[in-house]
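For reference, the chains in residue letters:
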Amino acid sequence: MLTVLVTGLFVFAIVKTNGQQKTDPLVESKIENLLKQLTLEEKIRMIHGNSSFTSGGVERLGIPELTTSDGPHGVRPEHGRDWTLDNKGNDSSTYLPVGLTLASTWNPELGYAFGSVLGSEAKYRGKDVILGPGINILRTPLNGRNFEYVSEDPYLISKMVVGYIKGVQDQGISACVKHFMANNQEIRRDGINVEMSERALREIYLPGFKAAIVDGGANTVMGAYNKFRGEYCTYNDYLVNKILKGEWGFKGLIMSDWGAIHSTKEALLGGADLEMGTDIGVPPKPFDEFYMSTPALKMVKSGEVAESVIDDKVRRILRVMVKTNMIGAKRSPGAYATAEHAKVAKKVAEEGIILLKNKGNILPLQKSSVKSIAVIGANATRDNAMGGGSSQVRPKYEITPLEGLQACVGNNTSIRFSQGYTIARDAKADAKLIADAVETAKNAEVAIVVGGWTHGFDYSVWADNAYDAEGGDKPDMNMPFGQDELISQVIKANPNTIVVLFGGGAMNITKWEGKAKAILQVGYPGLEGGNAIAEVLFGDINPSGKLTFSWPKKLEDSPAHKLGEYPGDSINVHYKEDIFVGYRYFDTYKVKPQFAFGHGLSYTKFEYSDIQVSTVGKEVKVSFNVKNSGKAAGAEVVQGYVKDLKAAVKRPEKELKAFEKVFLKPGESKQVSFQLSEDAFKYFDEKSMNWVLEPGQFEVLVGAASDNIKLKKKLQL
Ligand code: BGC
């Protein structure tokens, strides 16, 4: 069923959706009981921030403040009630790998374990809401926050995000999925207006959020800073009232990003439930002058806005509080920076590291035979946890790659370190450092260069000295600090060079990629990252991570830059590439990426065979066999794509609709089955404003990456 509402110039459609959030009658009656007792002033106190990370409570009724904390990969250091860090030394938490590294595991179960760690530590630290997961689409490699996010693919996001949210919320803490939506660049994030087609919205940008709400049951959402079709996202009538709260039946609260509300009436009516932030206005306004504070009170008193509008917001806030035992109940204590939690962080790093290239099987290195290693590059000794902006974590400890390697090899192997480059904005190739690195590489059997992007370290200047950080985008895709020059020289000096790349995504490596023997992408792998990297290099761990984004050879190959606009003019950015984001573009437009979406190698080999496709009612069952035909135990992420062979609209060459991570011992095989619902074959039709299954021929493709399809079968639907 499709209901079309015509409002002014815009045609809005309420699209039929499967499933909505549910309410619980017991919880509802508690809420109504409290609501009856609240004065208007008290209600207003609850809908805006009253310190950097809390919103107002009502003590006389036992309604506490709502305490939030970043962030996506660890509970943030304590700030007290303003932005000054407490520095009391009691807030060291488990620094988990970042969102992108978690996603590279392609293992939803690890999402749950990860969320449980966060939830448990948040609870221990007295937080009610953890400000994560971040799930904005990786639209351009330049976005400074890609490291916090998941993928370019909506299906992969949908699958990875649900485990994370359930993990957090099963601990009795709320997750906050952010930034709703289209916060796909940091440049001009405060006001840029995003324009995209309804099809791109429905097929690419919304599914992850929908899964977070409908399948994950997220209690809270954070609105993005930017505008969408002319209205700020946090109180965008279409996004918030019609889609989030209407179509998906979201029953929790949507808070603003910090300082993302810019007017009272629009915010109240546009669906924002809670205004958060600190530095609102110049000079900064006190909390009781926030848009949803005294100005809101005045509007209700004058009759400009009905009190029922405020009641709805307060109900949502109370609902979150009751559901998470904040009112009249006791919480279990949670746990804090435990060895168990570090184990989860390590596991995620182990499965999230991606082996991009391994020429002549130089990896894994053999502990018994390698006698000398040169470790080169400032990232080998750099701590990352406190970088990146709001996602900073004060780690209990952080194992760097150099420390991990030293612990891994033991006394038979000598390791010499050479810095290679200096981490500082605009630092260029340094002839002296390169000469030292070359000398070190020459005298070793193997050279391991640890490079890539960096997080900001000094929080106060994070946008200035960082590439993967909130508040700014990367200027281009080129490796900073003269790393191209360094890596090329090291490879010349020692042909057995392995490159380990940190960072939240792709960089242009064309200058040396062909000559490097092996390349690893490690994202930001958390407090146990150095150990995990070393164990992968030495084969104690068989790599099983896969890229969650397409890695372009150069920036101009990226669809947002080739077909679309980035960063737009000072007012608008038009997503002209439409649905052709990531591999949907590379595969359809036949542009060869450096590394394809879904790519990632292993130390063993997998064989695919015997594909069968059958239709049972409205479902398509795909089954096939995967065999570990190599000598090491390992895991393969098998990927199922769907291709529409003939359609009324231009469709992508293929779209991911299923995947499974399969763990196999040498010689072992497994029959894998994918159950594809009819939704897997649909596209969003802008004429009827609905999802359409066009009868005809389709093809199911199964493979190890979007450019490595092993099995295919046609079917008629
Ligand atoms: C970020 C959010 C974060 C908030 C609170 C904002 O600047 O965009 O992701 O949760 O700050 O720290």
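Residues numbered from 1 in each chain as written. Predicted model: local features only at pLDDT ≥ 70, side-chain atom pairs only at ≥ 80, totals over all residues. Heavy atoms only, no water.

Chemist: With reference to specific residues and values, describe the confidence of the model for the protein.
Modeler: Residue-level pLDDT values for the protein average 94, and 96% of them are 70 or greater. The low-confidence segment residues 1-14 (pLDDT under 50) makes 26 contacts with residues lying over four places distant or belonging to another chain. (pLDDT = per-residue confidence, 0-100. Contact = heavy atoms within 4.5 Å.)

Chemist: Describe the nonpolar core, and please don't skip the residues or the numbers.
Modeler: Phe180, Met181, Met196, Ile448, Trp512, Leu537 and Trp551 are the most contacted members of the largest nonpolar core, which totals 152 residues. Once you skip the residues sitting within four places of it in the chain, Trp551 turns out to touch Leu356, Leu501, Gly505, Ala506, Met507, Ile509, Gln521, Pro593, Gln594 and Phe595. Leu35, Ile261, Val322 and Ile327 belong to the second-largest nonpolar core, a separate cluster that totals 46 residues. (Core = buried A, V, L, I, M, F, W, Y, C linked by side-chain atoms within 4.5 Å. Buried < 20%, exposed > 50% of the residue type's maximum accessible area, 1.4 Å probe, protein only.)

Chemist: Run through the sheet that holds strand E5 (residues 129-130), naming residues and quoting values.
Modeler: Strand order in the open sheet made by the 6 strands is E3-E4-E5-E6-E8-E11, with mixed pairing throughout. Of all the strands in the sheet, the pair left with one neighbour each is strand E3 (54-55) and strand E11 (253-255). When strand E8 (residues 220-223) meets E11, the two strands line up parallel, connected through 3 bridges. Among the inter-strand pairings, Met222 is bridged to a residue of E11, identified as Met255. Sitting on the sheet, helix H5 (residues 154-169) is in contact with E5 and strand E6 (174-180), with an inclination near 145 degrees to E6. Along the sheet, helix H11 (residues 307-323) contacts strand E4 (66-69), E6, E8 and E11; its crossing angle with E11, the most-contacted strand, is approximately 105 degrees. (Pairing = 2+ DSSP bridges. Helix = DSSP H or I, 4+ residues; strand = E, 2+ residues; numbered from the N terminus. Axes fitted to C-alpha atoms, helices over the stretch in contact; angles between N-to-C directions.)

Chemist: Give me the lowdown on the site of the ligand, citing residues and values where you can.
Modeler: With respect to spatial proximity, 14 residues lie near the ligand, and among them Asp70, Arg145, His179, Asp257 and Glu470 are the closest. Contact distances for the ligand include 2.7 Å between an oxygen atom and a side-chain N or O atom of His179. Between the ligand and Arg189, the relevant distance is 3.3 Å, taken from an oxygen atom to a side-chain nitrogen or oxygen of the residue. In the complex, 96% of the free accessible area of the ligand, which totals 310 Å², lies under the protein chains. The residue inventory of the shell around the ligand, partitioned by class, reads 5 nonpolar, 2 polar and 7 charged. (Near = heavy atom within 4 Å. Polar contact = N/O pair within 3.5 Å; in protein donor to acceptor, adjacent residues only side chain to side chain. Areas by Shrake-Rupley, 256 points an atom, 1.4 Å probe, with all protein chains shown as cover. Nonpolar A, V, L, I, M, F, W, Y, C, P; charged D, E, K, R; others polar.)

Chemist: Requested: an account of the packing of aromatic side chains, with residues and values cited.
Modeler: Tallied over the entire structure, the rule returns 28 aromatic pairs. Each member of the aromatic cluster is reached from another via a ring pair, and the members are Trp106, Tyr155, Tyr583, Phe597, Tyr641 and Phe659. Here Arg139 stacks its cationic end above the ring of Tyr575, 3.8 Å away from the centre of that ring. Directly above the ring of Tyr291 sits Lys285, whose terminal nitrogen or CZ lies 5.3 Å from the centroid. (Phe/Tyr/Trp six-rings, centres within 6.5 Å; stacked < 30°, edge-to-face > 60°. Lys NZ or Arg CZ within 6 Å of the ring centre and 35° of its normal.)

Chemist: Before we move on, can you summarise the side chain of Asn508 with the specific residues and values?
Modeler: Mapped onto the fold, Asn508 is located in the loop between strand E16 (497-502) and strand E17 (518-523). There is a polar contact of 2.5 Å between the side chain of Asn508 and the side chain of Thr510. Not counting the four nearest positions on each side in its chain, Asn508 is found in contact with Met477, Asn478, Met479, Asp484, Lys553 and Lys554.

Chemist: How would you explain the packing of helix H4 (residues 108-124) against helix H12 (residues 339-352) if you had to name every residue and give the values?
Modeler: Two elements in contact, H4 and H12, have axes whose closest approach is 10 Å; the angle formed by their N-to-C orientations is 145 degrees. Considering how the two elements wind past one another, H4 and H12 form a crossing that is left-handed. Across the interface between the two elements, Leu110, Ala113, Phe114, Val117, Ser120 and Glu121 of H4 pack against His341, Val344, Lys347, Val348 and Glu351 of H12. Taken together, the residues of the contact of H4 with H12 sort by class into 6 nonpolar, 2 polar and 3 charged. (Left-handed = near helix turned anticlockwise from the far one by under 90°.)

Chemist: Break down the environment of Glu528 for me, citing the residues and quoting the values.
Modeler: Structurally, Glu528 is set in the loop between E17 and helix H17 (529-537). C-alpha of Glu528 to C-alpha of Leu96: the two residues are 432 residues apart in sequence and 8.3 Å apart in space. Apart from the residues lying within four places of it in its own chain, the contact partners of Glu528 are Ala342, Lys346, Tyr397 and Ile399. A polar contact is formed between the side chain of Glu528 and the side chain of Tyr397, at a distance of 2.5 Å.

Chemist: I'd like a rundown of the pairing of strand E27 (residues 708-716), residues and numbers included.
Modeler: Looking along a regular strand, one sees the side chains alternate between the two faces of the sheet. Bridge analysis of strand E26 (residues 697-705) against E27 gives 8 bridges, and the strand direction is antiparallel. Across the sheet, Glu699 pairs through a bridge with Lys714, a residue of E27. The turn joining E26 and E27, which pair antiparallel and follow one another in sequence, is formed by 2 residues.

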